[in-house]
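Breakdown of the fold
Residue-level listing of the chains:
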Amino acid sequence: MNIPAEEEKPLYSQRPEWADVVPLEQYENVAPLAPIFYTDEYKDATNYFRGIVKSGEMSPRVLELTENIIRQNPGHYSAWQYRYKTLMALKSPLDDELQLMDELAIKHLKTYQVWHHRKLLVQQTRNPGPELEFIANSLQVDMKNYHTWSYRQWILANFNDDALWSHELDFVESMLESDVRNNSAWHHRFFVAFQSGVRNGDEDRDAIDRRELAFVKERIAIAPNNASAWNYLRGVLDHAKIPYSELQAFVLPYSLPQPPLGTPPEVVDLESPLPSKDSQLPCVAAVEFMADIHEAAGGGDLVKATELWKSLANEHDTIRKRYWEYRIAESLKTRSAGDG
């Protein structure tokens, strides 16, 4: 069965109800060097938009006009801005506007203006609760979208309500369960654990450090070649001012070639989980980590660091060969200065 297409609306220049508006051409009395070829529909709508901006009109038909433009070009900043001013002037129901934003945000997740407009609306409604569910649904469409994660952090930080924060760690953990390599989710976890103030029950910061170290080590064991988890590990150590050398026992097995099958460790260290069975070793991030430990120790350990950098440059991470050669050269300078 053929479903009839939605009837196209006439251009604004053909609508009697817009006859009182004087449309303004974008390049009025100007010959552009490189004109942009817009569709007739878009050119017509924006001509009338410039006309109503000049007259200062704020009315229901302006909302219809700006929605038309936004649907054609969701990045049209001026249309968003004037739409918001019109909503405020008319005291329009903002819940209705948020419903429209539900549709447009999902359709245009990577457009900054959509999220900025939504932020302005929620600042007015002062009702952030439903936003977390909306964001969670949006992330099912694109789990790594920067604007969506940034908006979630703004909701949490701006309203700073304990009820909003109460399940945030569970939420981000579920996102990492879906994709342990989701760098945006790892970034959000760091925001929740360390950059959002101290929540009730989290006053013992040493306990939080231990919790996060245990969490990230378990995820590294599952997927050793996951750069996001190794970056998180470094972030926790740097934040807690814990020397990298304290994790040498955990990192070392990841920096070595695959151990022979059927050789279980003599002692199981629950704080240092071993790589999963099918891990591809050695892990580049672990080799780099071990090199950093030796470099920090200085002295004779610089030779060990140099050997690890050479293995990265020549075998394990040749795509960054020039970087590792730079590290080797800097190490040689340090050693020469020390000998002098």
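In this report, the structure presented in the accompanying data block is examined. On a predicted model such as this, the values are computed, not experimentally measured, just so you know.

Looking at the overall build of the protein
When its secondary structure is counted, the protein shows 16 helices and 0 strands. Whereas a compact globule of 340 residues would reach a radius of gyration of roughly 20 Å, the protein reaches 28 Å, over 25% beyond that. When the backbone C-alpha atoms are referred to their principal axes, the protein occupies close to 85 × 55 × 50 Å. Taking all 340 residues of the protein together, 44% fall into the buried category. The long-range share in the protein, meaning contacts at least 24 apart out of those at least 6 apart in sequence, stands at 64%.

Observations concerning unusual backbone geometry
Cis geometry is adopted by the peptide bond preceding Pro 282, which originates at Leu 281 and carries an omega value of 0°. Its identity as a non-glycine residue notwithstanding, Asn 160 has a phi of 45°, on the positive side. If you trace the backbone, Asn 160 turns up in the loop between α7 (146-159) and α8 (162-165). For Asn 160, a relative accessible area of 41% puts it in the partly exposed group. A positive phi angle, near 55°, is found at Lys 241, a position not held by glycine. Along the chain, the position of Lys 241 falls in the loop between α12 (227-240) and α13 (248-251).

A short note on the environment of Gln 113
Note on placement: Gln 113 falls in helix α5 (residues 112-125). Residues in contact with Gln 113, not counting those within four places in the same chain, are Pro 74, Gly 75, Tyr 77 and Trp 80. Reaching out from Gln 113, the side chain makes a polar contact with the backbone oxygen of Gly 75 at a distance of 3.5 Å.

Quick look at the pattern of salt bridges
Counted according to the given criterion, the structure contains 25 salt bridges. With a shortest N-O distance of 2.7 Å, Glu 97 and Arg 83 are connected by a salt bridge. Of this pair, Glu 97 sits in helix α4 (residues 94-107) while Arg 83 sits in helix α3 (residues 77-90), and the two are 14 residues apart along the sequence. Neither Glu 97 nor Arg 83 differs from the other in exposure class; each is buried. Salt-bridge contacts for Asp 317 lead to Arg 320; the nearest nitrogen and oxygen are separated by 2.7 Å.

Here we look at the packing of α5 against helix α6 (residues 129-141)
Between α5 and α6, the least distance of the axes is 13 Å, while the angle of their chain directions is 165°. When the interaxial angle is binned, α5 and α6 end up roughly antiparallel. Remark: the crossing between α5 and α6 carries right-handed chirality. Residues Trp 115, Arg 118 and Val 122 of α5 pack against Glu 131, Phe 134 and Ser 138 of α6. Class assignment of the residues belonging to the contact of α5 with α6 gives a composition of 3 nonpolar, 1 polar and 2 charged.

Observations regarding the environment of Asn 127
Here Asn 127 shows up in the loop between α5 and α6. Along the backbone, Asn 127 and Ile 155 are 28 residues apart, and their C-alpha atoms lie at a distance of 10.0 Å.

What about α3?
Under the 1.5 Å per step criterion, the end-to-end length of α3 is 20 Å for 14 residues, consistent within 8% with the ideal 20 Å. Along α3, the residues that are buried comprise Ala 79, Trp 80, Tyr 82, Arg 83, Tyr 84, Thr 86 and Leu 87. Those residues of α3 that are buried are in contact with α1 (40-55), α2 (60-72), α4 and α5. At the exit of α3 stands Lys 91, carrying a positive phi of roughly 55°.

Here's the deal with the environment of Leu 274
For Leu 274, the position within the fold is in the loop between α13 and α14 (284-297). Leu 274 gets classed as partly exposed once you look at its relative accessible area, which sits at 43%. As a C-alpha pair, Leu 274 and Pro 16 span 258 residues in sequence and 74 Å in three-dimensional space.

Let's talk about α1
Between its first and last C-alpha, α1 extends 23 Å over 16 residues, near the 22 Å set by a 1.5 Å rise per residue. Residues of α1 that are buried: Tyr 42, Asp 44, Ala 45, Thr 46, Asn 47, Tyr 48, Phe 49, Gly 51 and Ile 52. In this structure, the buried side of α1 is in contact with α2 and α3. With its phi angle positive at about 80°, Gly 56 sits one or two positions after the end of α1.

With respect to the packing of aromatic side chains
If you walk through the whole model with that rule in mind, you get 21 aromatic pairs. For the pair Tyr 323 and Trp 324, a centre-to-centre distance of 4.8 Å together with 65° between the ring planes defines the contact as edge-to-face. When its relative accessible area of 0% is taken as the criterion, Trp 324 is described as buried. Ring pairs connect the aromatic residues Trp 115, Phe 134, Tyr 151, Trp 154 and Phe 159, which therefore count as one cluster. Over the ring of Phe 171 we find Arg 152; its NZ or CZ atom is 3.7 Å from the centre of that ring. A cation over an aromatic ring shows up here: Lys 217 above the ring of Phe 250, its NZ or CZ 5.5 Å from the ring centre.

What counts, and at which threshold
Residues numbered from 1 in each chain as written. Predicted model: local features only at pLDDT ≥ 70, side-chain atom pairs only at ≥ 80, totals over all residues. Heavy atoms only, no water. Helix = DSSP H or I, 4+ residues; strand = E, 2+ residues; numbered from the N terminus. Rg over C-alpha atoms; globule rule 2.2 N^0.38 Å. Buried < 20%, exposed > 50% of the residue type's maximum accessible area, 1.4 Å probe, protein only. Contact = heavy atoms within 4.5 Å. Polar contact = N/O pair within 3.5 Å; in protein donor to acceptor, adjacent residues only side chain to side chain. Salt bridge = Lys/Arg side-chain N within 4 Å of Asp/Glu carboxyl O. Axes fitted to C-alpha atoms, helices over the stretch in contact; angles between N-to-C directions. Parallel < 35°, antiparallel > 145°, perpendicular 65-115°, else oblique. Left-handed = near helix turned anticlockwise from the far one by under 90°. Nonpolar A, V, L, I, M, F, W, Y, C, P; charged D, E, K, R; others polar. Expected span 1.5 Å × (residues − 1). Phe/Tyr/Trp six-rings, centres within 6.5 Å; stacked < 30°, edge-to-face > 60°. Lys NZ or Arg CZ within 6 Å of the ring centre and 35° of its normal.

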